[in-house]
Amino acid sequence: MATLSFYGAAGTVTGSCSMVQAANARFLVDCGMFQGNKTIRALNDQPFPFGPAADFLILTHAHIDHSGLLPKLVKHGFSGPIYCTPPTADLLSFMLLDSAKIQRSNTERYNRRRQRKGEEPLEPIYSEEDARATLELLRTKDYGSWFEPKPGIHVRFWNAGHILGSASAELKIEDDNGGNTMRMLFSGDIGPEEKVFHPEPEAERGFDYVICESTYGDRERDDYTLEVRREMLRKELVRGLSAGGNVVIPAFAVERSQELLHDIGVLLANGELPETTVFLDSPLAKAVTEVFIKHAGTLDDVELDEAALFRDPRFRLVQDVEESKAINRITGGAIIISASGMADAGRIQHHIKNNIWRPNATILFAGYQAPGTLGYFITSGEPVVRIHGKEFMVKAEIRQLGNYSAHADQSELLDWVEERGPVVGRLFLNHGDDDAREEMARLLATRGFDPEHIVLPQMDESFELVAGDAKSKGRLPQRVPQAELLTDWNNDYAAFLVTLTRRLQDAKNDEERREIIAGLSKAL
């Protein structure tokens, strides 16, 4: 008998964290940070809903929504080995320290506000010391090689095709008597079939239990090849640069920035873009790019010579703060790539502030925008957005490229699950909004999967796995209301302020403005 618990990424796409208790062991699969609206992010500050005394941890990949709370886990007592692939360990050596610096910086900013209110200061979720202690626990394993983290439990990694070093984790777990063996597969995040750098995702067939992500379970992208995708990027960049302004691209520091640099490098080498300077303004993205260079010999579908990859003379990989500020003095003719990909933090917000009100500028999004993020509101067509407490009119051209996602889309997810069959026990759909999970479950039923065998776990819900069955053991008290998983009161408040500002601006005269304010005051 075994118990499987979901402590994140159930009904949402962040905070991935699952726990398995079996064969006299207790271990975690991923321990990610919650991202998105303010209510969701507040979960990062709360105590873990489980004790940190796990035997070991399996990490599927380096993205912060899968790895970002590892230092917090270590801070509170976890000291077991963390198993991951070698590229994942290389990426974490930069990413966890960068995350710790962000925690410190954010807490210092919050404490200045608290001090003005006479409130006690807060501590960061974790420190750089905690991040370094976490790195000491990493144990690397190559794809395809079995290892035994504890007697009776065998694990091997399969390429997941998502980002550099990403893995699906296959487990064989003997029962307490050393007799029957249960086979499980955690998908991690699955990459698309058409993706530069990595081959298609793979894994074994035939499992008792499969835990599969469902991020794009309700979305289908247009069919494309890498060449078609690069051509779409070329058209967007040429159109944007020809307008005379800058092209600002919010991009995740890991993988997305490197994919864009690769494709822009190919276009520049072929003379297919106007003369331009390309800024990669993210210290983390710069460090991650160096990791990609280190592993360049393992990458697939690379159109540039290894010696030229990411090294075009027109590229400026920015790290210094002053150099980053200097970019804001450029009013046109530059491509500016900066993190974060959803524009909800980091240097990208400064570049958007400097360009979003310019009619000749372009803001080009190249990835999923979670509800509640700045990127979500910009791509939703809001005429005014709030950045750092100030309103900015959206005058720039807002464009989107849908084919740079690192996630498999609906049909690719369905195919991946079908290829893992037969699944004789239960298929759990996690790491997805409820709409995506429900649609994916419906379509899997049309492909022959028994709907009764497809489970949509809720946050903090546990299941007893026995004899090919899965019975819910219930869930812990809700840490966050279901309705707050997508948008929260803070999003409503920001939208209200923007609407109120526009309504006051559009009023005919001061008398009408006072009537609006009086009506609101009366309602309050």
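Residues numbered from 1 in each chain as written. Predicted model: local features only at pLDDT ≥ 70, side-chain atom pairs only at ≥ 80, totals over all residues. Heavy atoms only, no water.

Engineer: Could you give an account of the layout of surface pockets, naming the residues involved and the relevant values?
Structural biologist: Within this model, the second largest pocket holds a volume of roughly 310 Å³. In terms of lining residues, the second largest pocket is bounded by 17 residues, among which Met1, Asp175, Asn180, Met182 and Ala467 are the most central. Those elements that provide at least two residues to the lining of the second largest pocket are strand 9 (167–174), strand 10 (181–186), strand 11 (207–213) and strand 22 (461–466). A breakdown of the residues in the lining of the second largest pocket according to their chemical character gives ten nonpolar, three polar and four charged. (1 Å grid on protein atoms, 1.4 Å probe; cavity = no way out; pocket = protein on both sides within 12 Å on 5 of 7 lines; lining within 4 Å. Points joined across faces, edges and corners; volume = space filled by probe spheres on them. Helix = DSSP H or I, 4+ residues; strand = E, 2+ residues; numbered from the N terminus. Nonpolar A, V, L, I, M, F, W, Y, C, P; charged D, E, K, R; others polar.)

Engineer: An account of the sheet that holds strand 22 is needed here, citing residue identities and associated values.
Structural biologist: If you walk across this open sheet you meet the eight strands as 6-5-4-3-2-1-22-23, and the pairing is mixed. Whereas interior strands pair on both sides, the edge strands pair on one side only; in this sheet they are strand 6 (138–140) and strand 23 (469–475). Taken over all neighbouring pairs, the strand axes of this sheet differ in orientation by 25° on average, direction set aside. Bridge count for strand 4 (residues 56–58) against strand 5 (residues 82–84) is two bridges, and the pairing is parallel. Paired with leucine 57 across the two strands is isoleucine 82, which belongs to strand 5. Against the sheet, helix 4 (residues 86–116) touches strand 5 and strand 6, its axis set at about 150° to strand 6. (Pairing = 2+ DSSP bridges. Axes fitted to C-alpha atoms, helices over the stretch in contact; angles between N-to-C directions. Contact = heavy atoms within 4.5 Å.)

Engineer: Any chance you could break down helix 5 (residues 128–135) for me, citing the residues and the numbers?
Structural biologist: Residues of helix 5 that are buried: Glu128, Asp130, Ala131 and Thr134. Projected down its long axis, helix 5 shows its buried positions confined to an angular sector of 155°, all on one face. Next to the buried residues of helix 5 lie helix 3 (70–75), strand 5, helix 4 and strand 6. (Buried < 20%, exposed > 50% of the residue type's maximum accessible area, 1.4 Å probe, protein only. Arc of directions from axis to C-beta.)

Engineer: Tell me about the pattern of salt bridges, residues and numbers included.
Structural biologist: Summed over the entire model, instances satisfying the criterion amount to 33 salt bridges. With a closest N to O distance of 2.6 Å, arginine 347 and aspartate 281 form a salt bridge. One end of the pair, arginine 347, is in the loop between strand 15 (334–338) and helix 10 (348–355); the other, aspartate 281, is in strand 13 (residues 277–281), with 66 residues separating them in the sequence. (Salt bridge = Lys/Arg side-chain N within 4 Å of Asp/Glu carboxyl O.)

Engineer: Describe empty space enclosed by the protein, with residues and values.
Structural biologist: Taken as a whole, this structure holds four cavities of 30 Å³ or more when the rule is applied. Residue composition of the lining of the largest cavity, grouped by class: five nonpolar, nine polar and three charged.

Engineer: Which residues make up a positive patch on the surface, and what values go with them?
Structural biologist: A cluster of basic side chains, namely Lys38, Arg41, Arg109, Arg112, Arg113, Arg116 and Lys117, defines a positive patch on the protein surface. Of all the secondary-structure elements, those providing two or more residues to the positive patch are helix 1 (38–41) and helix 4. When residues in the positive patch are grouped by element, the largest group, four residues, is from helix 4. By the secondary structure assignment, lysine 117 is in the loop between helix 4 and helix 5. (Patch = residues over 30% accessible without salt bridge, like charges linked within 9 Å, V, L, I, M, F, W, Y side chains within 5 Å. Areas by Shrake-Rupley, 256 points an atom, 1.4 Å probe, with all protein chains shown as cover. Lys, Arg positive; Asp, Glu negative; His and termini not counted. Charge placed at Lys NZ, Arg CZ, Asp CG, Glu CD.)

Engineer: Account for helix 10, with residues named and values stated.
Structural biologist: Most of helix 10 is tucked away: six of the eight residues are buried. Along helix 10, the residues classified as buried are Ile348, Gln349, His351, Ile352, Asn354 and Asn355.

Engineer: Let's hear about the state of the cysteines: which residues, and what values?
Structural biologist: Under the definition given, this model contains zero disulfides. Cysteine cysteine 84 shares no disulfide, and the gap to the nearest cysteine sulfur, in cysteine 31, comes to 14 Å. Judged by relative accessible area, which is 0%, cysteine 84 ranks as buried. (Disulfide = S-S within 2.5 Å.)

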